[in-house]
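# Fold and contact review
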Amino acid sequence: QVQLVESGGGLVQAGGSLRLSCAASGCTFSTYTMAWFRQAPGKDRESVAAISWTLLNTYYEDSVKGRFTISRDNAKNTVYLQMNSLKPEDTAVYYCAAGRGSIATRQLSSYDYWGQGTEVTVSS
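Residues numbered from 1 in each chain as written. Predicted model: local features only at pLDDT ≥ 70, side-chain atom pairs only at ≥ 80, totals over all residues. Heavy atoms only, no water.

## Quick word on the sheet that holds strand β1 (residues 3–7)
Hydrogen bonds between backbone atoms are what pair the strands of a sheet, whose relative direction is either parallel or antiparallel. Read from one edge of the open sheet, four strands run β1-β3-β8-β7, paired in antiparallel fashion. Of all strands in the sheet, those with a lone pairing partner are β1 and β7 (68–73), marking the two edges. Neighbouring strand axes in the sheet, compared pairwise and without regard to direction, differ in orientation by 15° on average. Here strand β3 (residues 18–25) runs beside strand β8 (residues 78–83); their pairing, made up of six bridges, is antiparallel. Residue pairing in the sheet places Leu-20 in a bridge with Leu-81 of β8. (Pairing = 2+ DSSP bridges. Helix = DSSP H or I, 4+ residues; strand = E, 2+ residues; numbered from the N terminus. Axes fitted to C-alpha atoms, helices over the stretch in contact; angles between N-to-C directions.)

Structural data, given as structure tokens:
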């Protein structure tokens, strides 16, 4: 059974940084495309960034381009989301997801496994 465990969330002031981590187990991590999604209160879950298992492509939502960076360490079965220049509108629960496809995509349906989420709050 694939398990994804996120960590690194917290409270930060606007303009600050956080690094989220997602540790995977129960799968051959290097063959999964990984992604980060987020869900703000009262809103739908939305894509943030994704990275293919081939490392041939990444995807970033327009709202985070230039501020967030997704990366992965296959030796540690971990995917990261470095978040810089945080804004209050980045406040949300951030979820890690894993999918068997080879393309880094924003489509929720492309991901088979989900973590429980880690909360990020950005104060103004």
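Once the structure has been displayed, the description carries forward.
## Considerations on the environment of Asp-73
By the element assignment, Asp-73 lies in strand β7. When the C-alpha atoms of Asp-73 and Thr-118 are compared, they prove to be 20 Å apart, with 45 residues separating the residues in sequence. Excluding residues within four positions of it along the chain, Asp-73 makes contact with Phe-29, Thr-78 and Tyr-80. (Contact = heavy atoms within 4.5 Å.)

## A short note on the pattern of salt bridges
Tallied over the entire structure, the rule returns six salt bridges. Arg-38 is paired through a salt bridge with Glu-46; the nearest N and O atoms lie 2.7 Å apart. The exposure class assigned to Glu-46 is partly exposed, which follows from its relative accessible area of 35%. Its salt-bridge partner being Asp-90, residue Arg-67 comes within 2.7 Å of it at the nearest N-O pair. Of this pair, Arg-67 sits in the loop between β6 (58–60) and β7 while Asp-90 sits in the loop between β8 and β9 (92–99), and the two are 23 residues apart along the sequence. (Salt bridge = Lys/Arg side-chain N within 4 Å of Asp/Glu carboxyl O. Buried < 20%, exposed > 50% of the residue type's maximum accessible area, 1.4 Å probe, protein only.)

## With respect to the state of the cysteines
By the definition in use, this model includes one disulfide. Two residues share a disulfide in this structure: Cys-22 and Cys-96, whose sulfurs sit 2.1 Å from each other. Taking the sign of the S-S torsion, about -80° here, the bridge from Cys-22 to Cys-96 comes out left-handed. Taken together, the residues Cys-22 in strand β3 and Cys-96 in strand β9 connect sequence positions 74 residues apart. Classification of Cys-96 as buried rests on a relative accessible area of 0%. Looking at Cys-27, it has no disulfide partner, and the nearest cysteine sulfur is the one in Cys-22, 9.2 Å off. (Disulfide = S-S within 2.5 Å.)

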